[in-house]
Protein chains: 2
Amino acid sequence: MSTLPIAGSTYDKQLSAAKTFITERDHFLVVAHLHPDGDAAGSTVAVGLLLEQLGKTYVMVNEGSIPRKLAFLPNADDVVNYEEVGLQRKYNSVICIDCADDSRIGDVRDAFTEDAQILNIDHHPTNDGFGSVSLIRTDAAATVEILYDLFQAFELTWNQPLATAIYTGLLTDTGGFRYSNTTPHVMAIAAEMLRLGVDGHELANNLLEKSSFAHILLLKKALSTLTFSDNNRLAWVMVTAADMAETGATNEDFEGIVNYPRNIDGVEVGLLFKETAADTYKVGFRSAGKVDVAQLAKSFGGGGHVRAAGCTLNGTLDDVVTQVTERVRSALQ
Amino acid sequence: MSTLPIAGSTYDKQLSAAKTFITERDHFLVVAHLHPDGDAAGSTVAVGLLLEQLGKTYVMVNEGSIPRKLAFLPNADDVVNYEEVGLQRKYNSVICIDCADDSRIGDVRDAFTEDAQILNIDHHPTNDGFGSVSLIRTDAAATVEILYDLFQAFELTWNQPLATAIYTGLLTDTGGFRYSNTTPHVMAIAAEMLRLGVDGHELANNLLEKSSFAHILLLKKALSTLTFSDNNRLAWVMVTAADMAETGATNEDFEGIVNYPRNIDGVEVGLLFKETAADTYKVGFRSAGKVDVAQLAKSFGGGGHVRAAGCTLNGTLDDVVTQVTERVRSALQ
Ligand SMILES: [Mn+2]
Ligand SMILES: [Mn+2]
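The rules behind the values
- Every chain begins its residue count from 1, and numbering advances along the sequence as written.
- Labels follow written order: the first chain is A, the first ligand is 1, and so on.
- In view of the model being predicted, local features appear only for residues whose pLDDT reaches at least 70, and side-chain atom pairs are presented and counted only at 80 or more, with totals across whole chains, interfaces and linings using the full set of residues.
- Derived side-chain values reflect all non-hydrogen atoms in the structure, with water molecules and hydrogen atoms excluded from consideration.
- In superposing the copies, a least-squares fit is computed on C-alpha atoms, taking residues whose pLDDT is at least 70 in both.
- In what follows, residue pairs with any heavy atoms lying within 4.5 Å of each other are defined as contacts.
- In this description, a line fitted to the C-alpha atoms serves as the axis of each element, helices being fitted only across the stretch in contact, and the angle between N-to-C directions of two axes falls anywhere from 0 to 180 degrees.
- What counts as a helix is a DSSP run of H or I of at least four residues, what counts as a strand is a run of E of at least two, and both are numbered from the N terminus.
- Here the word oblique covers every angle except those under 35 degrees (roughly parallel), over 145 (roughly antiparallel) and from 65 to 115 (roughly perpendicular).
- Crossing handedness is defined as follows: a turn of the near helix away from the far one that is anticlockwise and smaller than a right angle gives a left-handed crossing, while the clockwise case is right-handed.
- Three classes are used, and their members are as follows: Ala, Val, Leu, Ile, Met, Phe, Trp, Tyr, Cys and Pro are nonpolar, Asp, Glu, Lys and Arg are charged, and the others, Gly among them, are polar.
- A 2.8 Å cut-off from the metal defines N, O and S donors, relaxed to 3.2 Å for Na, K and Ca; water is not in the atom list, so some sites may appear incomplete.
- A pair of strands is considered paired only if DSSP assigns at least 2 bridges between the two.
- Burial here depends on accessible area, computed with a 1.4 Å probe over protein chains only, as a share of the maximum for the residue type. Under 20% is buried, over 50% is exposed, and the range in between is partly exposed.
- What qualifies as a polar contact is a pair of N or O atoms within 3.5 Å, subject to a donor-acceptor requirement within protein and to the restriction that residues adjacent in sequence count only when both atoms come from side chains.
- A patch is a set of surface residues, each over 30% in relative accessible area and not in a salt bridge, joined within 9 Å for like charges and within 5 Å for the nonpolar side chains Val, Leu, Ile, Met, Phe, Trp and Tyr.
- Surface accessibility follows the Shrake-Rupley procedure with a 1.4 Å probe radius. Residue values consider only the protein chains on display as shielding.
- We define a salt bridge as a contact between a side-chain nitrogen of Lys or Arg and a carboxyl oxygen of Asp or Glu at a distance within 4 Å.
- Think of it this way: Lys and Arg go in the positive column, Asp and Glu in the negative one, and His and the chain ends go nowhere.
- Here the site of a charge means atom NZ of a Lys, CZ of an Arg, CG of an Asp or CD of a Glu.

Novice: What am I meant to see in the relation of the copies chain B and chain A here?
Specialist: A rotation about some axis, followed by a shift along it, carries one copy of the chain onto the other. Of the transformation superimposing chain B on chain A, the axial component is 0.0 Å and the angular component is 180°, with the fit at an RMSD of 0.1 Å. In symmetry terms, the pair is related by a two-fold rotation axis. Looking at the interface residues of chain B, 100% of them are also at the interface in chain A, so both copies use one shared face.

See the structure below:
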């Protein structure tokens, strides 16, 4: 097993404090952010498995349900959907996972006692340190990576279900080991989890390769609008409100479509124009690296990162497309 | 560094023999299979870097060029395209990489002397053991995984360029660590290569996320034909010869399109009908797991694996689609 990444550090002290928090209490509410993703859901069930090994009792809860494609997670059925089922009582000991601030907990806060003690385990750089005890490592790729460290501190017995939960969080928060947060430590943990019997192929298939029905219908519509200009260095697609309605697409189904134009060989800037209301368009900017799209989006009152940014503009589709593509054109020169 | 997977085995003896083969000679021809992929090209330059460290001289050569997206590989420019440039002399010591049989070497065989000694390094289960010395491990995900073992045996000094070559082969031959050949050993090597400074994010972007221009145009055409039946448990797309011609797509551009229908949530069988000549269609079958498409393809005179198979049928597109979908329908029931 890998050694802890930062020995004798503040992080080590946080690990000790987290361990004490859990050791000294007996009954826990375990909650991740609303509408949990792979890291949130994987972390939740992993903490549940830890508490089980320690002989503690606990309830796992979320505002919103575990997505169907994460239903394979061990004990996923036991995660209470707070909106639908609610809880019978309030809890004094809370383990809060993958939440940058307590608003991310959503309505589940109503299930905390007034003097509830919160252990805040997270990797978001924007975490505000809410709660009584923090276990935060902002250079971790996923909360499950921090849990791996915590479980090592507990000298927990590893097994396949636990490894599956950890692997799921790593896989989804690194985009399948493709994002720049995929550190050697992440890969080394993934190797250990595979050694414990995780079916990485099946997880990748279900979590990364599968598209929703609405996603593929939306992709079909979006690609039918694919337009190139500037020697194919600029490309864009458009999605109307009618497209969203006709395909029944949610924001989750919409994910990833913005990347298609930029991912074409030779394209420097890819754009997506999405109608969000009458004469209102959200513009997604993606750069292959040469153009700083944060600057471009900012010039339209938006913002973001060098390679991924966005803004919202008013006007007809034609006007908005002309305005934005002209400014990208200047940047390309 | 990871230990060798099989100590004191036949494989260990093969490693020794390969080491001796290289140690005892001075000038090498290094060749991978024609039209090299990421594993072939990564392995080629990695062997070159090994030979350089050992103070040997060598020439790297291929029938066909290194694909443009692999041009970042260290010394990729030094790999001779045999068809275009040829070689001045013949070689007696050959290191042959990622080739299941010597036909995969292509015309480069003409550059071997009649009594050439060949070291055959490969991971294909079908490798026929051609050559004088074999270093074959068929449970390796990629030839670079075997090279990793060989380099450990040489106690070679690892560095970032070498690690990049190894990582490239792992990444491409495992489909981005998604195929079932992604063993713990593969992941552990990947972790080590990242530790040596490989930019895994950039490699994944360039090798896995990028699509060719022709690919995306073909995808757009294919998706415009997307058809569902049987409660969306069966879905298919069609690609005509005209589509291929209009988009200028090669077989490489075509790759991956067959997976789109099957990858839709709820679809059990995905099909692709590709016109290869007048009234002739290649049919690609993909299964989500419940239906054995090898059986289906076999019933049409084709074959393949449980989840991926194919056949060729004659008739009009309508006839072929009707014939195939009816048989899939029976299998779904
Ligand atoms: Mn997370
Ligand atoms: Mn290979």
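Novice: Please explain the packing of helix H7 (residues 213–223) of chain A against helix H7 (residues 213–223) of chain B as it appears in this structure.
Specialist: Packed helices, taken two at a time, are described by their axes: the angle between them and the distance between them. At their nearest, the axes of H7(A) and H7(B) sit 9 Å apart, and the two run at 120° to each other. In terms of their interaxial angle, H7(A) and H7(B) are classed as oblique. Of the two elements, H7(A) crosses H7(B), and the hand of that crossing is left-handed. From H7(A), A:Ile216, A:Leu219, A:Lys220 and A:Leu223 reach across to H7(B), where they touch B:Ile216, B:Leu219, B:Lys220 and B:Leu223. Across the contact of H7(A) with H7(B), the residue classes break down as 6 nonpolar, no polar and 2 charged.

Novice: Please explain the coordination of the manganese ion (ligand 1) as it appears in this structure.
Specialist: Tetrahedral coordination by four donors puts the ideal angle at the metal at 109.5 degrees, and octahedral coordination by six puts it at 90 or 180 degrees. Residue and element names in this part refer to chain A. For the manganese ion (ligand 1), the full set of protein donor atoms is Asp-39 (OD), Asp-98 (OD), His-123 (NE2) and Asp-173 (OD), at a range of 2.2 to 2.5 Å. In primary-sequence terms, the residues that donate to the manganese ion (ligand 1) follow D-x58-D-x24-H-x49-D. Of this pair, His-123 sits in the loop between strand S5 (112–122) and strand S6 (133–136) while Asp-173 sits in helix H4 (residues 160–173), and the two are 50 residues apart along the sequence.

Novice: So what exactly am I meant to see when it comes to the sheet that holds strand S7 (residues 227–229) of chain B here?
Specialist: The strands making up a sheet associate through backbone hydrogen bonding, with each pair oriented either parallel or antiparallel. All names here are of chain B. What the 6 strands build is an open sheet, ordered S7-S8-S9-S10-S12-S11; its pairing is mixed. Both outer strands of the open sheet, S7 and strand S11 (303–304), are each paired with one neighbouring strand and no more. As paired elements, strand S8 (residues 234–239) and strand S9 (residues 269–277) share 6 bridges and run parallel to each other. The residue bridging Val-239 from the neighbouring strand is Lys-274, located in S9.

Novice: Just checking my understanding: could you explain helix H3 (residues 143–153) of chain B for this structure?
Specialist: Two residues of an α-helix separated by three or four positions point the same way, owing to the 3.6 residues in each turn. All names here are of chain B. Of all 11 residues that make up H3, 10 are buried, and the element is covered over most of its length. Residues Thr-143, Val-144, Glu-145, Ile-146, Leu-147, Tyr-148, Asp-149, Leu-150, Phe-151 and Gln-152 constitute the buried set of H3. Trailing H3 by a residue or two, Glu-155 shows a phi angle of about 50°, which is positive.

Novice: Can you walk me through the side chain of A:Thr182 in this structure?
Specialist: Relative to the assigned elements, A:Thr182 resides in the loop between H4 and helix H5 (184–195). Classification of A:Thr182 by relative accessible area gives buried; the value is 10%. Separated by 2.8 Å, the side chain of A:Thr182 and the backbone oxygen of A:Tyr179 make a polar contact. If we ignore the near neighbours within four places in the chain, the residues touching A:Thr182 are A:Thr174, A:Phe177, A:Met187 and B:Leu194.

Novice: Can you walk me through a negative patch on the surface in this structure?
Specialist: A cluster of like negative charges, contributed by A:Glu83, A:Glu84, A:Asp107 and A:Asp110, occupies part of the molecular surface. Mapped onto the elements of the fold, A:Glu83 is located in the loop between strand S3 (80–81) and strand S4 (91–97).

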